[in-house]
Amino acid sequence: MTNRLRVLRAERGWSQGELAERLSVSRQTVNAIETGKYDPSLPLAFAVARLFGMPIEAIFSPEPSP
Amino acid sequence: MLLYCFRVTLIGLLMRSTNSRYTRSVLGLAIISAGLALGVSALDRWWALPTTLRPIVVLIPVVPLVLFLFRIARWLRDLDELERMIHHEAILVQFGATGILVMSYGMVAKAGLVPDFRASQVFPFLWFAIFVFWCLGLVLVRRKYR
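Reference entry: report on the structure contained in this document.

Parameters at a glance
- Residues numbered from 1 in each chain as written.
- Chains lettered and ligands numbered in written order.
- Predicted model: local features only at pLDDT ≥ 70, side-chain atom pairs only at ≥ 80, totals over all residues.
- Heavy atoms only, no water.
- Helix = DSSP H or I, 4+ residues; strand = E, 2+ residues; numbered from the N terminus.
- Polar contact = N/O pair within 3.5 Å; in protein donor to acceptor, adjacent residues only side chain to side chain.
- Contact = heavy atoms within 4.5 Å.
- Axes fitted to C-alpha atoms, helices over the stretch in contact; angles between N-to-C directions.
- Parallel < 35°, antiparallel > 145°, perpendicular 65-115°, else oblique.
- Nonpolar A, V, L, I, M, F, W, Y, C, P; charged D, E, K, R; others polar.
- Phe/Tyr/Trp six-rings, centres within 6.5 Å; stacked < 30°, edge-to-face > 60°.
- Buried < 20%, exposed > 50% of the residue type's maximum accessible area, 1.4 Å probe, protein only.
- Buried area = accessible area lost by both parts, 1.4 Å probe.
- Salt bridge = Lys/Arg side-chain N within 4 Å of Asp/Glu carboxyl O.
- Patch = residues over 30% accessible without salt bridge, like charges linked within 9 Å, V, L, I, M, F, W, Y side chains within 5 Å.
- Areas by Shrake-Rupley, 256 points an atom, 1.4 Å probe, with all protein chains shown as cover.

1. Focus on the side chain of A:Arg9
All names here are of chain A.
Then comes step 1: Position of Arg9 among the secondary structure elements: in helix H1 (residues 5-12).
Then comes step 2: One polar contact links the side chain of Arg9 to the main-chain carbonyl oxygen of Trp14, over a distance of 2.9 Å.
Then comes step 3: Excluding residues that lie within four positions of it along the chain, Arg9 makes contacts with Trp14, Ser15, Gln16, Leu19, Glu34 and Phe52.

2. Quick notes on the packing of helix H4 (residues 62-77) of chain B against helix H6 (residues 119-145) of chain B
Residue and element names in this part refer to chain B.
Then comes step 1: Interhelical geometry of H4 versus H6 gives an angle of 10 degrees and a closest axis separation of 15 Å. On the basis of the axis angle, H4 is roughly parallel to H6. Residues Leu65, Phe68, Leu69, Ile72 and Trp75 of H4 pack against Trp127, Phe131 and Trp134 of H6.
Then comes step 2: When the residues that make up the contact of H4 with H6 are grouped by side-chain class, the tally is 8 nonpolar, no polar and no charged.

3. Details of the packing of aromatic side chains
Where two aromatic rings form a pair, the distance of their centres and the angle of their planes describe that pair.
Then comes step 1: Taken as a whole and judged by the stated rule, the model has 8 aromatic pairs over all chains.
Then comes step 2: Between A:Trp14 and A:Phe52, the aromatic rings sit 5.7 Å apart at their centres with planes inclined by 35 degrees, giving tilted as the arrangement. Taken together, the positions of A:Trp14 in the loop between H1 and helix H2 (16-23) and A:Phe52 in helix H4 (residues 42-52) put the pair 38 residues apart, joining distant regions of the chain. Side by side, A:Trp14 and A:Phe52 carry an identical accessibility label, which is buried.
Then comes step 3: Relative to B:Tyr145, the ring of A:Tyr38 has its centre 6.5 Å away and its plane inclined at 85 degrees; by these criteria the two rings are edge-to-face. Of this pair, A:Tyr38 sits in the loop between helix H3 (27-34) and H4 while B:Tyr145 sits in helix H6, placing the two residues on different chains. Considered together, A:Tyr38 and B:Tyr145 belong to a single accessibility category, that of buried residues.
Then comes step 4: Connected via pairs of aromatic rings, a cluster forms that spans B:Phe68, B:Trp75, B:Trp127, B:Phe131 and B:Trp134.

4. Focus: the interface of chain B and chain A
Many analyses report the size of an interface as the accessible area lost when the parts associate.
Then comes step 1: Listed per partner, the contact involves 10 residues of chain B and 11 residues of chain A.
Then comes step 2: Across the interface of chain B and chain A, roughly 840 Å² is buried in total on both sides, 45% from carbon and sulfur atoms.
Then comes step 3: Between chain B and chain A we count 0 salt bridges in total.
Then comes step 4: Linking chain B with chain A are 5 residue pairs in polar contact (both at pLDDT 80 or more), by the criterion used here.
Then comes step 5: Broken down by secondary-structure element, the contributors of at least two residues to the side of chain B that touches chain A are helix H5 (81-110) and H6 of chain B.
Then comes step 6: The dominant element in the side of chain B that touches chain A, judged by the number of residues it contributes, is H5(B), at 5 residues.
Then comes step 7: Here the side of chain B that touches chain A is composed, by residue class, of 4 nonpolar, no polar and 6 charged.

5. A few points about a nonpolar patch on the surface
All names here are of chain B.
Then comes step 1: A cluster of nonpolar residues, Val58, Leu59, Val62, Val66 and Phe70, forms a patch on the protein surface that exposes about 440 Å² of accessible area.
Then comes step 2: Broken down by element, the nonpolar patch gets its largest block of residues, 3 residues, from H4.
Then comes step 3: Residue placement: Val62 occurs in helix H4.

6. So, the pattern of salt bridges
Residue and element names in this part refer to chain A.
Then comes step 1: With the rule as written, the count across this model stands at 5 salt bridges over all chains.
Then comes step 2: The closest approach of N and O atoms between Glu34 and Arg9, which form a salt bridge, is 2.5 Å. Taken as a pair, Glu34 in helix H3 and Arg9 in helix H1 lie far apart in primary sequence, 25 residues in all. For the pair Glu34 and Arg9, one class covers both residues: buried.
Then comes step 3: Beyond isolated ion pairs, a larger network of salt bridges with shared partners links Arg6, Arg9 and Glu34.

So this is what it looks like as structure tokens:
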């Protein structure tokens, strides 16, 4: 699974900690999602999509990470 | 008692980054269980307990232990999702490692290469091993998601 979380976060000028706070998860979780080491649960993926105002498939895609 | 103290310290380390409400109650239940185990052991040694009551009395320390495990389960459910997965994987490591340790020791003991301990002699050490392997599992699994 690949995602655009790092890019979207950078566009808004948020740190990993700030994003983690907005999503009510740990900074470690945000880091693991951004680096592709962890795929978020469906509720968390929806929360990310809601936060960025985009559909889930615009942030996460099923292609394997390079 | 020393092993119980170790266990309490290990639980504290495992739960260091989480809700203090859970940490307090889990540590409290572990201490109550240790205290009851010592109390029951002293009672059994110095007082002649009635035969009918004895099985119930000697199992009293298990009650806070069961509550302790339920509390750990509640604590795990309330964790951040990645942290919860890390703990689940660490528990798998702990389960496998404890099982392999017990089975290997049993096989070696059966072959007469090491002393064959009775279950009543080793159960406090088993608890200790469980928590050591949980910590070891956490270290190994955390590296994967760092």
